[in-house]
Each structure stands twice: as structure tokens, then as C-alpha cells.
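# Residue-level structure breakdown
In case you want the letters, here they are:
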Protein chains: 2
Amino acid sequence: MQETLISDFEKTFQQRGLRLTQQRLEIFKALAGSKDHPTAEKIYAQLRTTMPTISLDTVYRNLHTLHSHGLINRVVTGQSQARFEANLSPHHHLICKICQKITDISWQDFDNLAPPQDFNQWGDIKEKQVTLSGICKTCLKDKKSS
Amino acid sequence: MQETLISDFEKTFQQRGLRLTQQRLEIFKALAGSKDHPTAEKIYAQLRTTMPTISLDTVYRNLHTLHSHGLINRVVTGQSQARFEANLSPHHHLICKICQKITDISWQDFDNLAPPQDFNQWGDIKEKQVTLSGICKTCLKDKKSS
DNA sequence: GTAGTTGCAAAAAATTTGCCCTCCA
DNA sequence: TGGAGGGCAAATTTTTTGCAACTAC
């Protein structure tokens, strides 16, 4: 399943005339292999352990490239630090206001809900997604004990 | 209606022991009186015309203060620059991927939809909101003509 | 070979902080 | 009048860019 993702990734690269560099592959693999919607800094820190020469600007540059080619998503949050994910299938997010942890969720009933007609006057709607925010179990416990 | 907002604002300040300074009032009024979900920079630029001595850090500081006291919202977006609004009633947003314009929308059917039970295991959900993104009419036209 | 990419360093953009003076409660 | 808040400048944080060297195609 991960391999499928990666071979799709390689194909898309060829189609677009982008070069498949080691760095790009590693950045994508890091995203595809994690569930925590990492920041650029986090990806950088992780990759440095196995690829000590990679630079932070390469991570930023490629997150931007991958995003603009629709290969990764930038998560819609209320934070200023960008968070990314390789999961492109429609889904939604739960965000903890304290620890900023992001959890993927699916919400079938919402997905089946058609937006009101008049939204179409606005223009061309490409994505609809729900952001739920609050305080996660772990942070609730921490609050009580402190 | 704006006056109600502002008097609520003043009351909340008293209750919390926060001081009602000219700057805070102007920042709040700028937000309450605009529909475009401005950034800190935009508010600063606007206020400078009538209050030339206000500083950008005061704007930032107070947006943070107002937000942490629940008097304003930070809009959930996929941008890194923070956008704010004084509209605290539950509503949703349409965001243009090109010009970044944010439009308020209401979506009754969604508001009536209860989140799946199992989301509650996650913790305490405080807000649920929809972000629709795409390309607005104006940007669609610009694309065609270019 | 050569255009697209990288790493380095520096710059830019966005936001926060320390310090001292001011002004609101 | 005491202390929260403002303005200034400097620092941090997050992200972008210019450029020479490098490498995938």
C-alpha cells in the first residue's frame, strides 16, 4: 500500500517533468509514513538522522513543490506553522487547542451533505472539509492534575 | 447593533480586569466593522490613518489578548498569515485559493448534523466548522482572460 | 550535456519580547 | 498612584530567495 503510493508519486513526477531526487522521495516517504501531520521543521529533523546533508530550505522548497502539484495537502488549521499530510483522500481533522495534535477523522454524513445551492454563486468550490477543535483527552487529564 | 457589540466588549473587559485602552477599542472596532477577515498588518495599516502613533506590536499583542479572552476568532485557514474576525456566532468560511479572500457563510444543515458518537472519545470538542475552498468568481474570470 | 535541484547563506515575512515610559482604573 | 498596557527596537520564528555546485534525465 505504501509502495503503491510511492510508485504513483514516481509516475506523477515523470508526467510533470519533475526530477525524482533522493530528497524529494524521502520527504514524501516521511509524510506518507506518519500520522502526525508534521511541520517542515519536524520532517527536517527526522530526515537529518538518515540523511545528514539535507537542508531545511530543501524541505520547504519541496513541500511547496509537492503541494503545488497536488501530491500532498497542507492542513487547514488556525496555527501559523504549516502542517502537511500525504493522505489525499477526503477526510477531516480534529485539532487540540492545547497540544496542537491533529487527528484524521472520517464523517460520512457530512460527505454526503450537498452544500447549499447558493454557494455555487461564489465560484468553483474544490474542497469541503470540517475542522473540529477542542481539547484532547490527554490535555484534559493534564489540566485536572495541575 | 455595532454598539451592542462594543458595549459587550467593554463589559467583558471590566469583568476580566483588562483595561479598556483606546488602542484595544480601535482594534476591536476595526474588526467588528469589516467583513474581510483582516491580518494584523491590515488592521495596523487601517488604524494608522486615524491613530498615527499606534504600533504594529500593539496590534499583535492585542489581537492575541482579545483572542485568548474569546473576544475575537482566529480564522481557520491554510495560510500562515493569521486572519481575524469579530463575528463569534457559529458560521463557516469560503476561501479562495488564489486571492485568499474569505467569505462568511451559514450552513444550517451542517449545524444540525451531530458529529459521530466516537468523536467524543477524542476529548472535549468545542467547535465544529467547515472550510470550503476553491476559486472565486473574480479569479475565475481573471484566469480566462489571461 | 544541461536544465532542474541542492545546500549554503542571507533575506524576507510574520510574530514575539524586553525595557522603559505612559495612562487607565 | 500602582500596575497593566503602549511604543520602540531588537530578537525569534517561519518561510523564501540568490547563487554556485551538483545530478538526474
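Calculation notes
- Residues numbered from 1 in each chain as written.
- Chains lettered and ligands numbered in written order.
- Predicted model: local features only at pLDDT ≥ 70, side-chain atom pairs only at ≥ 80, totals over all residues.
- Heavy atoms only, no water.
- Pairing = 2+ DSSP bridges.
- Helix = DSSP H or I, 4+ residues; strand = E, 2+ residues; numbered from the N terminus.
- Axes fitted to C-alpha atoms, helices over the stretch in contact; angles between N-to-C directions.
- Least-squares fit on C-alpha atoms with pLDDT ≥ 70 in both.
- Contact = heavy atoms within 4.5 Å.
- Near = heavy atom within 4 Å.
- Polar contact = N/O pair within 3.5 Å; in protein donor to acceptor, adjacent residues only side chain to side chain.
- Nonpolar A, V, L, I, M, F, W, Y, C, P; charged D, E, K, R; others polar.
- Domains from an automatic or database assignment.
- Buried area = accessible area lost by both parts, 1.4 Å probe.
- Salt bridge = Lys/Arg side-chain N within 4 Å of Asp/Glu carboxyl O.
- Parallel < 35°, antiparallel > 145°, perpendicular 65-115°, else oblique.
- Left-handed = near helix turned anticlockwise from the far one by under 90°.

### Focus: the sheet that holds strand 4 (residues 102-105) of chain A
- Taken in spatial order, the six strands of this open sheet run 4(A)-3(A)-5(A)-5(B)-3(B)-4(B), and their pairing is mixed. A strand with exactly one partner marks an edge of an open sheet, and here the two such strands are strand 4 of chain A together with strand 4 (102-105) of chain B. Going across the sheet, the axis of each strand differs from the next one's by a mean of 30 degrees, ignoring polarity.
- Of the strand pairs in this sheet, strand 3 (residues 92-96) of chain B and strand 4 of chain B are connected by four bridges, and their pairing is antiparallel. Within strand 4 of chain B, the position partnered with B:His92 by the bridge is B:Ile105.

### Some points on the relation of the copies chain A and chain B
- Least-squares fitting of chain A to chain B yields an RMSD of 0.0 Å, with the superposition described by an axial translation of 0.0 Å and a rotation of 180 degrees. Here the two chains are linked by the operation of a two-fold rotation axis.
- A symmetric contact is evident, with 100% of the interface residues of chain A recurring at the interface of chain B.

### A closer look at the protein's contact with DNA strand D
- Around DNA strand D there are 21 residues in total, and A:Tyr60, B:Arg19, B:Gln23, B:Arg24 and B:Thr58 lie nearest to it.
- One of the side-chain N or O atoms of A:Arg61 is found 3.4 Å from a base oxygen in DNA strand D.
- Take B:Thr58: an N or O atom from its side chain is 2.7 Å from a phosphate oxygen of DNA strand D.
- Where the surface near DNA strand D is concerned, the elements lending two or more residues are helix 4 (56-68) of chain A together with helix 2 (22-32) and helix 4 (56-68) of chain B.
- Here the residues of the surface near DNA strand D sort into six nonpolar, eight polar and seven charged.

### A few points about the domain arrangement of chain A
Residues and elements named next belong to chain A.
- Taken as a whole, chain A is organised into domain 1 (2-85) and domain 2 (92-116 + 123-145).
- Distance from the C-alpha centre of domain 1 to the C-alpha centre of domain 2: 23 Å.
- Each partner contributes residues to the interface: domain 1 has eight residues there, and domain 2 has eight residues.
- Counting the surface lost from both domain 1 and domain 2, the interface buries some 640 Å², and carbon and sulfur atoms represent 51% of this.
- Taken as a group, His 37, Val 76 and Gln 79 account for 54% of the area that domain 1 buries against domain 2, more than any other trio of residues on that side.
- Our enumeration of links across domain 1 and domain 2 arrives at zero salt bridges.
- In this assembly, domain 1 and domain 2 are joined by four residue pairs in polar contact (both at pLDDT 80 or more).
- Its residues assigned to classes, the side of domain 1 that touches domain 2 shows two nonpolar, three polar and three charged.

### Structural notes on the protein's contact with DNA strand C
- Taken together, 21 residues form the shell around DNA strand C, and within it A:Gln23, A:Arg24, A:Asp57, A:Thr58 and B:Tyr60 come nearest.
- For DNA strand C, the fraction of atoms within 4 Å of the protein that belong to sugar or phosphate moieties is 59%.
- A:Asn62 is positioned with one of its side-chain polar atoms (N or O) 3.2 Å from a phosphate oxygen of DNA strand C.
- Contributing elements (two or more residues each) for the surface near DNA strand C: helix 2 (22-32) and helix 4 of chain A together with helix 4 of chain B.
- Tallied by class, the residues present in the surface near DNA strand C amount to six nonpolar, eight polar and seven charged.

### Observations concerning unusual backbone geometry
- Of note, the phi angle at A:Gln100 is positive, near 65 degrees, even though the residue is not glycine.
- With respect to the helices, strands and loops of the structure, A:Gln100 is situated in the loop between strand 3 (92-96) and strand 4.

### What about the packing of helix 3 (residues 40-50) of chain A against helix 4 of chain A?
Residue and element names in this part refer to chain A.
- Where helix 3 contacts helix 4, the axes come no closer than 9 Å and their chain directions differ by 125 degrees. Judged by the inter-axis angle, helix 3 sits oblique to helix 4. Crossing handedness for the pair helix 3 and helix 4: right-handed. Contacts between helix 3 and helix 4 pair Ala 40, Glu 41, Ile 43 and Tyr 44 from the former with Leu 56, Val 59, Tyr 60 and Leu 63 from the latter.
- The residue makeup of the contact of helix 3 with helix 4, split by class, is seven nonpolar, no polar and one charged.

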